[in-house]
Amino acid sequence: MWPRERRRDRRGRALLWCAWVAAWELARGQLRYSVPEEMQKGSFVGDVAKDLALELAALRDRGARVVSEGRSQYFALHEKTGHLVTAARIDREQVCEAADGCVLRCEVIVEGEMKVYAIEVEIRDINDNAPSFREAEPQVKVSEITAPGSRFPLAEAHDPDSRSNSVQRYELSGDEHFSLAVQTAPDGEERPELVLAKALDREESAFHDLVLRAVDGGEPARTGTARIRVVVLDANDNAPVFSQAVYTVRVREDVPVGSTLLTVRATDADDGLNGEVKYSFQKISVKASEIFQLDAETGAITLVRSLDFEEGDSYELEVEAKDGGGLFDTAKVVIAVTDVNDNAPEISVRSLVSAVSEDSPAGTVVALLHVQDRDSGANGEVRCSLGAGLPFRLRSSLGSYYSVVTARELDREEVSEYNVTVRATDSGSPALWSSAVLPLRVLDVNDNAPVFAEARYSARLRENNAKGALVLRVRAADADWGQNARVRYRLWEGQVRGAPLSSYVSVHAETGALYALRSFDYEEVREVGLWVQAEDGGAPALSSNVSVRLFIVDENDNAPQVLYPPPAAAAAAGPGLGWTGVELAPRSAEPGALVAKVVAVDADSGQNAWLSYELAKATEPGLFRVGLHSGEVRTARSPLARDALRQSLVVVVKDHGQPALSATATLTVVLAESVAELLSELGGAAAPGEPPGSLTRWLVVAVAAVCCLFLAFLLALLALHLRRWRRSRLLAVGGGALRAVPASPFVGIDGVRAFLHSYSHEVSLTAGSRKSQLRSPGASCSNTLTPAPPPDQCAALLPQEPSSAADHSGDALLVSPSSETVTRLLCYAVVLL
């Protein structure tokens, strides 16, 4: 088989083996891959997305990353393909040193799912290092009397590659006096020895130059050489001898630099130069050579660099003691390092959610932590804890991973941010600890409705306010944050006096200021009740309501209104003349007699509606007085003959507002004993110089109509009496048979006076009034006319007839009525109206 085909077949078997191992590890819950060392950065390691059955879209959306223990990150996750690739060139000899197997461990963390997947990557060795000797030109001293077959140990070649690629054999060339022998040590290592094949003669040759070649097992093989010079010495009978074949010492890792760890000692029985012993390291690793130093004269091994148990817990050295004659002895030195609790636990935050919603259920993962302690035993046992009083707890996860989860639901309004302190403490003595602070912000959820500052609001607003006047401000606060705490205000729609509430008041949506949209009138609206709603900006929105009572405060904006005398008189009097009325006051009235009463009201309330009356102007100042609070006009004294028949009174009605408003009422009081005098005065009042009112015209028309009707009635009555009189005369002429018939009660003027008296009324007339006050006396309820009414009742309305008229009652009907009688009839007609 050709070499190329052989290599291809070997590579195929390796890939098949890796795939089988990966499938087996996946079945165990973790992935395992195998790659050779020294691969370029970004080289393919394994298809993590496929092997873990993860969707590429989920990896991109949720986020995934690879973390490794230690400071170096050797692997990364390709975002687009989901492949595990190398993050740097990996040198197996640097990472794992002389370990037979080199396995690097890492974890894949899926951020969105808060899951951890363990991955192991085996780093396969390649033959990238050639064997090398510690000394390129070592020197071996051999006495000339040394017997053939004697053996002299040679320094081993060092190859940092693994066993198969490490040193496999040695070759010696250059001289027939020496040959090469390889001894296998108990630990399995092969050690070269120089064997004297032929006796030496210093006088013949004092030096022998040899070439020692070390060959490794790689393909192609690499070699390393050392040029050995053998110096032939004079005879030396005794070789140095160590006091112990194996020196063992245990030291703490915190031993200070410069301390002497132990001293090896070898003795030589020879004297002089052959008895002087020099010490050197026959076998030591590169790492150990940087830590330990051997004094060639005293054999003391000192510390030149600090020990670290975590880097190496044991070192094996081989020390050679050689005298001046070239004889030597070797001893093994084992230095065991004891662990000291010098490493505090390390907390690595692998994944952290910076914000969590306050309505997240208990058990929500907010952080993923990795905790490790580089110490061993009890010093490396770590306990993790959280700060007291926090709504979080720790939950153990894969290996040294811990999850920080919520222990209960959070409340942003109670605590909006948390600094979660995770403390890791080891079990050493004294114990060491470290902590990590996880800042966590709680996201708001709209779980709080706005709350008003007061349970109910009320305000007082003066009437006649300006449009747009500020009434009051309602304020509501929302314990949420951001948009959820933004409060907007609005009115609940209602009605005031049949009009929409929104036409009276409005509320500013942002500030909660309540404004009046119109000028209020206390006499129309005294109180307005409304509801204001505060709604936040959450989804869904939450709201609350508050009751607002708006009380309108009265102002003195209404002057008193005079109800009596009625307003028709004022209209007749013209604008600006006030109220006017006509009242009748007998001249025989006593002081304090009630003449009239001014009645007024005020639409305001309270003090603004308290009214007082005072007499502002009068024809006779001392004749009348007005009640301060009653408005009654009474006589202050009895009328005198010198007092004018017509008295004019101006009454001022004032309220108690600030400033006070007033109204006037004008009364005309006629000092008259009868209606005739009243009518006479009224007639004078209706002189051409005074503008007549419409009511006066109607009064004249009505009087004229009644007079016509009454005249017709009188004519009919006279005709009836004439007929009866004629019939009686005929009967008287014809015989005395009818003399026994009684005479009619309707005879003469007395009968007419009795008839008019039966329909008489007490009349109170007011010029310009639309209503008349009539009062019928009790004596006028009879269905028949009395033939002779009482004199006192007739005297008030009609003057008495002369006594001669009574004597001629039989002839009264034959005489034409006089002008005085007609005048009286007209007066009665007015009374009936």
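Throughout this description, residue numbers start from 1 for each chain and increase along the sequence as written. For this predicted model, a pLDDT threshold of at least 70 governs which residues receive local features, and a threshold of 80 or more governs which side-chain atom pairs are given and counted, while totals over whole chains, interfaces and linings are taken from all residues. Side-chain measures here rest on the full set of heavy atoms in the structure, leaving out hydrogens and waters.

Focus: the overall build of the protein
We count a stretch as a helix when DSSP gives it H or I for four or more residues in a row; a strand needs E for two or more, and each element gets its number in order from the N terminus. Assigned secondary structure in the protein consists of twelve helices and 55 strands. Across the 833 residues that make up the protein, the buried fraction comes to 39%. When contacts within the protein are restricted to residue pairs at least 6 apart in sequence, long-range pairs at least 24 apart make up 68% of them. The buried label goes to any residue with under 20% of its type's maximum accessible area, the exposed label to any with over 50%, and the partly exposed label to all in between, with areas taken from a 1.4 Å probe on protein chains only. Here, residues are in contact when the closest pair of their heavy atoms is within 4.5 Å.

Observations regarding the state of the cysteines
Should the sulfur atoms of two cysteines be covalently bonded, the bond is a disulfide. Any two cysteine sulfur atoms within 2.5 Å of one another count as a disulfide. For the structure on display, the rule yields one disulfide. Cys708 carries a free sulfur, and the closest cysteine sulfur to it, the one in Cys707, is 6.9 Å from it. Among the residues examined, Cys708 registers a relative accessible area of 52% and is labelled exposed.

Description of the packing of aromatic side chains
Only rings of Phe, Tyr and Trp enter the pairing, Trp through its six-membered ring, and a pair is recorded when the two centres are within 6.5 Å. The plane angle decides the type: under 30 degrees is stacked, over 60 is edge-to-face, the rest tilted. Scanning the model with the defined rule gives eleven aromatic pairs in all. Summarising the aromatic geometry, the rings of Phe452 and Tyr489 are spaced 6.5 Å apart at their centres and angled 50 degrees between planes, so their arrangement reads as tilted. Here Phe452, found in strand β34 (residues 451-452), pairs with Tyr489, found in strand β38 (residues 488-491); they are 37 residues apart in sequence, far enough to count as distant. Tyr489 carries the same exposure label as Phe452, and that label is buried. Taken together, a centroid distance of 6.5 Å and an interplanar angle of 40 degrees make the contact between Trp492 and Trp531 tilted. Here the residue Trp492 occupies a position in the loop between β38 and β39 (495-496), and Trp531 occupies one in strand β43 (residues 527-535), the gap between them amounting to 39 residues. On the basis of relative accessible area, Trp492 is assigned to the partly exposed category, the value being 38%. Members of the aromatic cluster, connected to one another through ring pairs, are Phe242, Tyr247 and Tyr279. Positioned above the aromatic ring of Trp433 is the side chain of Arg423, whose terminal nitrogen or guanidinium carbon lies 3.8 Å from the ring centre. Ring-over charges, as used throughout, are those where CZ of Arg or NZ of Lys falls within 6 Å of the ring centre and within 35 degrees of the ring normal. Taking NZ or CZ as reference, Arg518 lies 4.0 Å from the ring centre of Tyr504, over its face.

Quick notes on the pairing of strand β14 (residues 190-196)
Within β14, five of the seven residues are buried, which leaves the element mostly enclosed by the surrounding structure. Where strand β10 (residues 151-153) lies against β14, three bridges are found, and the strand directions are antiparallel. Opposite Pro153, over in β14, you have Glu193 as the bridge partner. The criterion for strand pairing is that DSSP finds at least two bridges linking the strands in question. Relative to β14, strand β13 (residues 178-184) is paired through seven bridges, and the arrangement is antiparallel. Pairing of Ala181 across the sheet is with Glu193, part of β14. Connecting β13 to the next strand, β14, in antiparallel fashion are five residues, including Gly188 with a positive phi near 95 degrees.

Looking at the sheet that holds strand β42 (residues 513-516)
As summarised here, the arrangement of the three strands in space is β36-β42-β41, forming an open sheet in which the pairing is antiparallel. Where the open sheet ends on each side, the last strands, each with one partner, are β36 (470-473) and β41 (505-507). Across this sheet, the average inter-strand angle for adjacent strands is 20 degrees, counted without regard to direction. Bridge count for β41 against β42 is three bridges, and the pairing is antiparallel. Directly across from Val505, in β42, lies its bridge partner Ala516. Orientation is described by lines fitted to C-alpha atoms, with helices fitted over the stretch in contact, and by angles between N-to-C directions that extend from 0 to 180 degrees.

Here we look at the environment of Phe520
Within the fold, Phe520 resides in the loop between β42 and β43. Residue contacts for Phe520: discarding those within four places in its chain leaves Leu461, Glu463, Asn464, Asn465, Tyr504, Val505, Val525, Val528, Leu550 and Ile552.

Describing the environment of Phe624
Take Phe624: it is sitting in strand β50 (residues 624-626). Overall, the relative accessible area of 3% leaves Phe624 in the buried class. Sequence-wise, Phe624 and Thr635 are eleven residues apart; in three dimensions their C-alpha atoms are separated by 4.4 Å. Setting aside its immediate chain neighbours within four residues, Phe624 contacts Val595, Leu615, Val633, Arg634, Thr635, Ala636, Gln647, Leu649, Val669 and Leu671.

Remarks on the environment of Val353
By the element assignment, Val353 lies in the loop between β26 (346-352) and β27 (355-357). By relative accessible area, Val353 is classed as partly exposed at 27%. With residues near it in sequence (within four places) discarded, Val353 still touches Met114, Val365, Val366 and Leu440.

Structural notes on the nonpolar core
Tyr489, Phe520, Leu530, Val548 and Leu550 are the most contacted members of the largest nonpolar core, which has 30 residues in total. For this core, the secondary structure elements donating two or more residues are β35 (456-462), β36, β38, β41, β42, β43 and β44 (543-553). Buried residues of nine kinds, namely Ala, Val, Leu, Ile, Met, Phe, Trp, Tyr and Cys, make up a nonpolar core once their side-chain atoms join them within 4.5 Å. One finds Ala288, Leu317, Val319 and Val333 within the second-largest nonpolar core, a separate group that totals 29 residues.

Description of the side chain of Ser547
Position of Ser547 among the secondary structure elements: in strand β44. Judged by relative accessible area, which is 19%, Ser547 ranks as buried. Those residues within four positions of Ser547 in sequence are excluded, and the remaining contacts are Arg456, Tyr457, Leu530 and Trp531.

So, the pairing of β42
Note: β36 against β42, three bridges, orientation antiparallel. Bridging across to β42, Leu472 finds its partner in Leu514. The hairpin formed by β41 and β42 contains five residues between the paired strands, and Gly512 there has a positive phi angle of roughly 80 degrees.

A look at a nonpolar patch on the surface
Side chains of Leu563, Val599 and Val601 sit close together on the surface and give an oily, nonpolar patch of about 200 Å² of accessible area. Checked against the element boundaries, Val601 lands in strand β48 (residues 599-601). Exposure above 30% relative accessible area and the lack of any salt bridge qualify a residue for a patch; like charges then connect within 9 Å, and the nonpolar side chains Val, Leu, Ile, Met, Phe, Trp and Tyr within 5 Å. Computed by Shrake-Rupley with a 1.4 Å probe, the accessible areas treat only the displayed protein chains as cover when residues are assessed. In the sections that follow, a salt bridge refers to a side-chain nitrogen of Lys or Arg positioned within 4 Å of a carboxyl oxygen of Asp or Glu.

A few points about the sheet that holds strand β32 (residues 417-426)
The strand order β27-β33-β32-β29 describes an open sheet built from four strands, whose pairing is mixed. In this open sheet, the two edge strands, each paired with only one partner strand, are β27 and β29 (382-386). Ignoring which end each strand starts from, the neighbouring axes of this sheet average 30 degrees apart.

Concerning the pattern of salt bridges
A side chain with one charge can pair with a side chain of the opposite charge if their charged atoms come near. For the coordinates displayed, the defined rule picks out 27 salt bridges. Each of the salt bridges in this network shares a partner with another, and the network as a whole consists of Glu156, Arg191, Lys283 and Glu318.

Section: unusual backbone geometry
Put simply, Ala539 and Pro540 share a cis peptide bond, and its omega is 0 degrees. With respect to the helices and strands, Pro540 occurs in the loop between β43 and β44. Across the junction of Gln658 and Pro659, the peptide omega takes the value 0 degrees, indicating a cis bond. Looking at the element boundaries, Pro659 is found in the loop between β52 (646-654) and β53 (662-671). Located in the positive-phi region is Asn464, a residue other than glycine, with phi close to 60 degrees. Within the secondary structure, Asn464 is located in the loop between β35 and β36.

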